[in-house]
Amino acid sequence: MTANDGYVLLALMAVPLGTALLLMLTPSGERSAIVGLTALSSFAMFVMALYVFVRYQFSDDGGIFQGVLAWTWMENVGVLGEKGIQLKVGVDGIGASLVLLTGIVVVPATWVSWKIQDRLKDFFILLYILVAGVFGVFVLTDLFFWFLFYEVALLPMYLLIAVWGSTRKEYGAMKLMMMLMAGSIFIFTAIFALFSHVGAGTFDMETLITAQKSESFQKTFFPLVVIGCGVLGAMFPLHSWSPDGHASAPTAVSMLHAGVLMKVGAFGVLRLGFQMMPQGGEYWAPALVVVGIVAAMYGAISALRQTDMKLLMGFSSVSHMGYVFIGLGTFNSIGWTGAVLQMTAHGLMTALFFLLIGGMYDQSHNRDIPNFSGMAKQMPIWTTFFVLASLASLGLPGLSGFIAEVHIFIGAFRAYPVVGGLAVLTAAITATYLLRMLAQAFFGEMNPRWTGLHEITVMERAGATVLAVAILALGLWPSPWIDRITPSIIHIPGVTL
Amino acid sequence: MTDILGNDLNMQYSLLLPEILLGVTAFLVVFADLFSKELKIGYRLLPLITVAGLVAALAASLIWADTTSDFAMLVTVDSFTTFFRVLFCIVAIVLVIGAHEYIEAHVNHPGEFFALLLLSTAGASFMAGAQDLLTAYLAVEVLSFSLYIAVSLGRNDPRSGEAALKYVLLGGVASAFLLYGLSFIYGVAGSTQYADISAALGGDLSDVRGSLVLGLVLIVAGLGFKASAVPFHMWTPDAYEGAPIPVTAYLSATSKAATFALLLRWFSGPLLPAIDEWQWMIAVLATATMVLGNLVALQQRNIKRLLAYSSIAQVGFMLMALVGISQITAGGLLAHLGGYLITNLAVFVAVIHFYNRTGKEEITDFKGLAQTNPYLALVMTAGLFSLAGMPLLVGFFTKFILFQTVVEADFLWLVVVAVVASTVSLYYYLQVIKQMYLYQPDGDATRWRLTPTGYLSTGALLAAVVVLGLWGTPLYEVADKAAAALFPVA
């Protein structure tokens, strides 16, 4: 990637923000204008994300980030020294693959939202501000702006859920907001302390990563980052906002939230935690593994008990994010590659799940699994996609989940064989709850109550196809991802092969 | 001219031009009001004269933007003074433009009201520039007396008189505390000049340590009252609720900022050598203010009381910067003060226009505002989110800088308290936002628009909140320059 590609990174934030601004100026009644604008904008984001992913090639010469572009925002004033606060963009392999994930998920999320009747314009304004925040977190390499965009990604969530959500939406929205903001407290504190400890008067990430930091400092503040970002990553036991939030969020928000935002949390642990404080990371890695395996098992066992499809997916997400934390805790490159792959894989298939559940819920206003039966006869296309998502989720070879989980399992067996064994056991539990749901809801006798249901809409089919293609691509040909992720990881001090 | 000790004194009256202009305008307004019948002057001329005087004072303040000079060793004009003069003029201008309809409809004696506004602004800028304890004390009283009266000017509202009585009684006690404390400092240092006090307190104080500490306690209590720091905040919610809304806005803006100007002057100058004696007091005050202000705000039903507690909480954040005072923390404090003033005014002007239209001020009255007046709802939301320190708005940036400077001064624990408190604050701000966006307006509510001056004032404030949020550099640079004036390179 050249410096010129940095403009694409910048555009990844500017396009959704600009779209939000243009939407504000569009009259609410002009539905076709809103649809056209968002169609164009989401497609542009997808193309740019793909471009960033394709153009990123690891090279040993430059620094940690590629496509670096910086504008000084403020320097040499008060507490700030040289390069104090900069608007600085750049990606590494991890950022590039998550940018691609976001670019893929945005497109179907936009498509399925067009059927919203109530205040469509306001919905897209908030949704695109959220998307800008997510892209910002993945491409910004200045800690001040990183945190700013992190919060930008969280803030619209409250109104998105509280206005357009379902079941207990106000409660879900407020709980989610307050828990995520409580998480920010820890991140806030860690950022302040890091800036002060390094003492270079700059929020530039590259400077902060390469600067000398004492071991005791790293050991003290690493857990703060993990707790802070862990809330957003739905890390057990900080996950309790997540099932409630998912259950009440509108479809597109669930998709982006489970698909992308939770990854922002895990990404924060990587970037702020492991990259900035590797010694602290090494010290706390075993704890992370324990938390990860507990989360994976707890999420899977809880999912066994759920009957609401969205709640089931919420707990399933907690379980799958548990794998991510196991992968990070292995502190070896294969486990970490698996963790980043798992972020992408889980993002794609959860987005697909929520898209499908939303498409059905909008007609039936019911998500209770025991109420359904034999849906395969009534909605065959919907069922096909659902089965594909389930198989990806339980780790069928050839689909995205498999490749990620295999990496994590191998990494875990290398570091902590017992954990590796438990993780495989969890995969079996995952298969149980998913297959049981399929058997109950999709196959068997057709429940006559649902004869009025139609197949999902054309836009939903198109969106599901996009996600399904991505799931297959990652499952069948993972090397573009691995080639980008692994080299970025092995440069972190202390990581073993 | 020379003083009694034979020192040459600089009696350049032009240095005080902004305050002189404010005073003259105040008299003009009163006379215009007094002879309004004879001269056939309508109400509309009064705010015009006021704004003209304020703009002139603002322009005059900028003449000395880069100089450091003092008037007879009583008042200094440096970039710190200029910072506050400009800030106070802007606050008053915006307030007059944003609230003149309210003042016409809901305030007794508008002429006097405008005059009091001008006089208190003059008092506030003297507080920022004073170099002598007595000058400072007189400035405090000019500000306070104007406000005692202004609080009582609410028309047809019994709460106004009650609020004024409470404010004047407690304010009088606080002034007594302050003056008593100052007399101890004079006793210890033997002078009322800041420079002399600083030199005296730098020497051996073991004999008079008791008097010094007693004096400091009294001063902190007195100024704690003026700044409404916990536990001296009791008057704040009642006075805020009872006062006409523009006065409430003024109390939360200029009055508070002026107190911080004074605190900064004293704690960075004359009282700095005694930092070991007062540091813990401010730390305790800051912690209590942050915690209590935010927790009590959670239970409020009235928007003015909510904003009262929210402003108490903000005072806690700002006090934090005094604990480990240095040029860096002072710069952070001034930047946050600027951001807070703009944001708070945006919210208050929006509330004023809401009240003009509906005559209501409970939080639940805001329900459905996003549908009846989406623009005003947007201004309120931006303001409240900025107060909570949410990104892309000025509040995020200034709070971030303020907290970082306090961490630099090695008070990480205070910042942790502050960040937690700040998160709590989001909850009660969200309650207002929830009413506006989630609920339907009452059946008979129709869409309505603001007056042209309403659009002008809220538009300017909204633009400032957003633009400074995206590009806060000018604000921080000016604040840093002002802070540098407090710590001259020896």
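## Quick notes on the overall build of chain A
Phase 1: On a plain count of helices and strands, chain A comes out with 19 helices and 2 strands.
Phase 2: Projected onto the principal axes, the alpha-carbon positions of chain A cover approximately 70 × 60 × 40 Å.
Phase 3: By residue count, 66% of the 497 residues in chain A fall in the buried class.
Phase 4: Pairs at least 24 apart in sequence give 82% of the contacts found in chain A among residues at least 6 apart.
Phase 5: Carbon and sulfur atoms provide 67% of the accessible area of chain A, an area that totals close to 15,100 Å².

## Considerations on the overall build of chain B
Phase 1: Scanning chain B for helices and strands turns up 20 helices and 2 strands.
Phase 2: Oriented by its inertia axes, the alpha-carbon framework of chain B measures out at about 75 × 60 × 40 Å.
Phase 3: For chain B, long-range pairs separated by at least 24 residues make up 82% of all intrachain contacts whose partners lie at least 6 apart in sequence.
Phase 4: Here chain B displays about 17,000 Å² of accessible surface, and carbon together with sulfur accounts for 66% of that area.
Phase 5: For chain B, the centre of its 22 positive side-chain charges and the centre of its 31 negative side-chain charges are spaced 15 Å apart.

## Structural notes on the interface of chain A and chain B
Phase 1: Between chain A and chain B, the contact holds 35 residues from the first and 37 residues from the second.
Phase 2: When the buried area of chain A at its contact with chain B is split by residue, Trp73, Val79 and Phe192 of chain A rank highest and sum to 19% of it.
Phase 3: A salt bridge links Glu170 of chain A to Lys434 of chain B, with the nearest nitrogen and oxygen atoms 3.6 Å apart.
Phase 4: Inspection of the chain A/chain B interface yields 8 residue pairs in polar contact (both at pLDDT 80 or more).

## Observations regarding unusual backbone geometry
Phase 1: Between Phe236 of chain A and the following residue, Pro237 of chain A, the backbone shows a cis peptide bond with an omega angle of 0°.
Phase 2: Residue position: Pro237 of chain A is located in the loop between helix H8 (215-232) and helix H9 (241-248).
Phase 3: In this chain, Val230 of chain B is followed by Pro231 of chain B through a cis amide linkage whose omega measures 5°.
Phase 4: Counting through the fold element by element, Pro231 of chain B comes out in the loop between helix H9 (209-226) and helix H10 (235-242).
Phase 5: Backbone geometry places Asn156 of chain B, a non-glycine residue, at a positive phi of 60°.
Phase 6: Along the chain, Asn156 of chain B turns up in the loop between helix H6 (133-151) and helix H7 (158-189).

## Considerations on the packing of aromatic side chains
Phase 1: Enumeration according to the criterion identifies 61 aromatic pairs over all chains in this entry.
Phase 2: Aromatic pair Tyr43 of chain B and Phe114 of chain B: ring centres 6.3 Å apart, planes at 35°, arrangement tilted. Separated by 71 residues along the polypeptide, Tyr43 of chain B in the loop between helix H2 (36-39) and helix H3 (45-63) and Phe114 of chain B in helix H5 (residues 110-129) bring together distant segments of the chain.
Phase 3: Residue Phe114 of chain B is classed as buried on the basis of its relative accessible area, which comes to 0%.
Phase 4: Positioned over the ring face of Tyr361 of chain A is Arg367 of chain A, at 4.6 Å from the centre of the ring.

## A closer look at the packing of H8 of chain A against helix H10 (residues 251-275) of chain A
Residues and elements named next belong to chain A.
Phase 1: Orientation of H8 relative to H10, taken along the N-to-C sense of each, is 170°, at an axis distance of 7 Å. Viewed along their axes, H8 and H10 adopt a mutual orientation that is roughly antiparallel. Every residue of H10 that contacts H8 at Phe222, Val225, Val226, Cys229 and Leu232 is listed here: Leu261, Met262, Val264, Gly265, Gly268, Val269, Leu272, Gly273 and Phe274.

## A word on the packing of helix H13 (residues 333-364) of chain A against helix H18 (residues 458-476) of chain A
Residue and element names in this part refer to chain A.
Phase 1: Relative orientation of the contacting elements H13 and H18 amounts to 160°, with a least axis distance of 10 Å. Compared by their axis directions, H13 and H18 come out roughly antiparallel. Of the two elements, H13 crosses H18, and the hand of that crossing is left-handed. Only Glu460, Gly463, Ala464, Leu467, Ala470, Ile471 and Leu474 of H18 make contact with H13, whose side of the interface consists of Leu341, Thr344, Ala345, Leu348, Met349, Ala351, Leu352, Leu355, Leu356, Gly359 and Asp362.

## Considering the pattern of salt bridges
A pair can form between side chains of opposite charge whenever their charged atoms are brought close.
Residue and element names in this part refer to chain B.
Phase 1: Evaluation of the coordinates by the stated rule reveals 24 salt bridges over all chains.
Phase 2: The partner of Lys304 in a salt bridge is Glu361, with the nearest N and O atoms 3.5 Å apart. One end of the pair, Lys304, is in helix H13 (residues 303-323); the other, Glu361, is in the loop between helix H14 (327-358) and helix H15 (369-372), and 57 residues separate them in sequence. Neither Lys304 nor Glu361 differs from the other in exposure class; each is buried.

## Examining the environment of Leu251 of chain B
All names here are of chain B.
Phase 1: Checked against the element boundaries, Leu251 lands in helix H11 (residues 245-268).
Phase 2: Taking the C-alpha atoms as reference, Leu251 lies 26 Å from Val420; in sequence the two are 169 residues apart.
Phase 3: Setting aside its immediate chain neighbours within four residues, Leu251 contacts Leu147, Val151, Tyr167, Tyr240 and Lys256.

## Brief notes about helix H20 (residues 473-486) of chain B
Counting along an α-helix, one turn takes 3.6 residues, and residues three or four places apart therefore face a common direction.
Phase 1: Taking 1.5 Å per residue as the helical rise, H20 of chain B with its 14 residues ought to reach 20 Å, and the 20 Å between its terminal C-alpha atoms agrees with that figure.
Phase 2: All of the buried residues along H20 of chain B are Thr473, Leu475, Tyr476, Ala479, Asp480, Ala482, Ala483 and Leu486 of chain B.
Phase 3: Where H20 of chain B is buried, its residues contact strand E1 (66-74) of chain A together with helix H4 (79-106), H11, H14, helix H17 (394-408) and helix H19 (452-470) of chain B.

## Side note on H17 of chain B
Residue and element names in this part refer to chain B.
Phase 1: Between its first and last C-alpha atoms H17 spans 21 Å; for 15 residues at 1.5 Å apiece the expected length is 21 Å, and the two agree.
Phase 2: With 14 of 15 residues buried, H17 is to be regarded as a mostly interior element.
Phase 3: Looking one or two places after H17, you find Asp410, whose phi comes out positive at around 65°.

## Quick word on a nonpolar patch on the surface
All names here are of chain B.
Phase 1: Residues Tyr13, Leu17, Ile20, Val24, Leu28 and Ile63 make up a contiguous nonpolar surface patch of roughly 560 Å² in combined accessible area.
Phase 2: No other element matches helix H1 (residues 17-34), which puts 4 residues into the nonpolar patch.
Phase 3: Positionally, Tyr13 belongs in the segment before H1.

Each value, and the rule that gives it
- Residues numbered from 1 in each chain as written.
- Chains lettered and ligands numbered in written order.
- Predicted model: local features only at pLDDT ≥ 70, side-chain atom pairs only at ≥ 80, totals over all residues.
- Heavy atoms only, no water.
- Helix = DSSP H or I, 4+ residues; strand = E, 2+ residues; numbered from the N terminus.
- Buried < 20%, exposed > 50% of the residue type's maximum accessible area, 1.4 Å probe, protein only.
- Contact = heavy atoms within 4.5 Å.
- Areas by Shrake-Rupley, 256 points an atom, 1.4 Å probe, with all protein chains shown as cover.
- Lys, Arg positive; Asp, Glu negative; His and termini not counted.
- Charge placed at Lys NZ, Arg CZ, Asp CG, Glu CD.
- Buried area = accessible area lost by both parts, 1.4 Å probe.
- Salt bridge = Lys/Arg side-chain N within 4 Å of Asp/Glu carboxyl O.
- Polar contact = N/O pair within 3.5 Å; in protein donor to acceptor, adjacent residues only side chain to side chain.
- Phe/Tyr/Trp six-rings, centres within 6.5 Å; stacked < 30°, edge-to-face > 60°.
- Lys NZ or Arg CZ within 6 Å of the ring centre and 35° of its normal.
- Axes fitted to C-alpha atoms, helices over the stretch in contact; angles between N-to-C directions.
- Parallel < 35°, antiparallel > 145°, perpendicular 65-115°, else oblique.
- Left-handed = near helix turned anticlockwise from the far one by under 90°.
- Expected span 1.5 Å × (residues − 1).
- Patch = residues over 30% accessible without salt bridge, like charges linked within 9 Å, V, L, I, M, F, W, Y side chains within 5 Å.

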